[in-house]
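# Results of the structural survey
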Amino acid sequence: MNAGSSLIDIQVIYRPNCNFLTAFIKEGKLNMFEQIKLPYAFDALEPHFDALTMETHYSKHHAAYTNNLNTLAQAAGIDSKPIEVILAHWKRKGEGKADAQGIRNNGGGFFNHNLFFAHLSKNGAHEPSGELADKINATFGSVDALKEQLSKLGAGQFGSGWAWLSTDIDGNLSVSSSPNQDNPILESEGKLFPILGIDVWEHAYYLKYKNLRADYIKAFFEVVDWNKVAENYAAAKETLAKLAK
Ligand code: MN
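Along every chain, residues carry numbers that run from 1 in the direction the sequence is written. Restriction of local features to residues with pLDDT of at least 70 applies here, the model being predicted, together with a cutoff of 80 or more for giving and counting side-chain atom pairs; totals for whole chains, interfaces and linings are based on all residues. Excluded from the side-chain calculations are hydrogens and water; all other atoms, namely the structure's heavy atoms, are used.

This part is about the coordination of the manganese ion. Any nitrogen, oxygen or sulfur atom within 2.8 Å of a metal ion counts as a donor, with the limit raised to 3.2 Å for Na, K and Ca, and since water is left out, coordination shells can look unfinished. On the protein side, the manganese ion has H57 (NE2), H113 (NE2), D199 (OD) and H203 (NE2) as donor atoms, found 1.9 to 2.1 Å from it. When the donors of the manganese ion are listed by position in the chain, the intervening gaps give H-x55-H-x85-D-x3-H. Of the two residues, H57 is situated in helix α3 (residues 51-76) and H203 in the loop between β3 (193-199) and α9 (206-209); the sequence distance between them amounts to 146 residues. Summary of the burial criterion: residues with accessible area below 20% of their type's maximum are buried, those above 50% are exposed, and those between are partly exposed, where the area comes from a 1.4 Å probe applied to protein chains only. When its relative accessible area of 2% is taken as the criterion, H57 is described as buried. Residue H203 is classed as buried on the basis of its relative accessible area, which comes to 18%. To qualify as a helix, a DSSP run of H or I must reach at least 4 residues; to qualify as a strand, a run of E must reach at least 2; elements of each kind are numbered from the N terminus.

Here you go:
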């Protein structure tokens with residue numbers, strides 16, 4: 001009988017979604033960086049983004065980047081720093097150090113996916129408006145021209161990576177692409193901040209779109225919320241000012 005109850009105890013302790021274990025990990029401060037809570041259900045973006053891809057992407061890929069970052073950042077003693085600061089300082093302070101590549105990959109994965117999931121919505125603004133729309137028109141000619149540039153960058157990124165719309169501290173917009181989980185904060189050492197990001201890793205689209213990355217990018221523009229992009233634009237200038245200090 002004792003053997004039986006021990007087995008039950010072990011099953012409870014190791015159940016993946018056990019609240020007790022989650023609470024224990026939080027108290028042990030192993031979760032300094034937290035995934036955003038999705039403000040929508042996994043199936044909310046159907047038919048453009050399918051539920052299984054959304055669930056796998058958030059609960060497996062993004063969760064793994066976050067957990068790995070927490071472990072590595074704690075070991076490196078940088079777990080109290082904002083992720084933007086870690087990424088902006090990475091080239092100057094991290095390159096060449098043990099575990100630095102892991103912090104780059106998982107720190108980028110953590111940040112990039114928080115940005116990505118937060119600017120998706122079923123009922124978001126389908127087109128930019130206001131100051132952001134004016135700036136897009138002045139910089140790229142039109143919103144469609146911007147979408148075309150981003151689509152080309154995303155489709156043309158060899159292997160895994162991202163396409164970005166970023167701002168500098170003066171509000172000037174630019175587009176770029178990055179390999180792996182790099183992003184404009186890391187690449188510019190804190191001079192650019194992404195306000196829109198298209199994840200073109202195969203894990204973001206392969207279950208539904210197979211090899212048709214361009215179709216997935218079209219679907220992205222059906223579910224990206226331009227109001228959230230405008231919020232990112234407004235907030236980025238303040239963050240860039242902090243990073244410049
Ligand atoms: Mn991803």
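That covers the picture; the talk isn't over yet.
Further remarks concern the nonpolar core. Counting residues in hydrophobic clusters, the biggest one holds 62 residues, and the most contacted among them are F49, L120, L196, I198, Y216, F220 and W226. Broken down by element, the residue count for this core peaks at seven residues, all from helix α5 (residues 100-118). The residues touching F220, leaving out its near neighbours within four places in the chain, are F49, F116, H119, L120, L196, G197 and I198. In these notes, a set of buried Ala, Val, Leu, Ile, Met, Phe, Trp, Tyr and Cys residues joined through side-chain atoms within 4.5 Å is what counts as a nonpolar core. Contacts are assigned to residue pairs with any non-hydrogen atoms lying within 4.5 Å of each other.

Counting buried residues along strand β1 (residues 161-167), seven of its seven residues qualify, which places the element largely inside the surrounding structure. Neither face of β1 is left uncovered, since the one carrying G161, A163, L165 and T167 and the one carrying W162, W164 and S166 both have all their residues buried. Judged from the seven bridges that link them, β1 and strand β2 (residues 173-179) form a sheet pairing that is antiparallel. Bridge pairing links W162 to S178 in β2. Here β1 folds back onto β2, and the loop between the two strands holds five residues, one of which, G171, carries a positive phi near 85 degrees. With six bridges connecting them, β1 and β3 associate as antiparallel partners. Along β3, the bridge assignment pairs L165 with L196. Pairing between strands requires that DSSP locate at least two bridges from one strand to the other.

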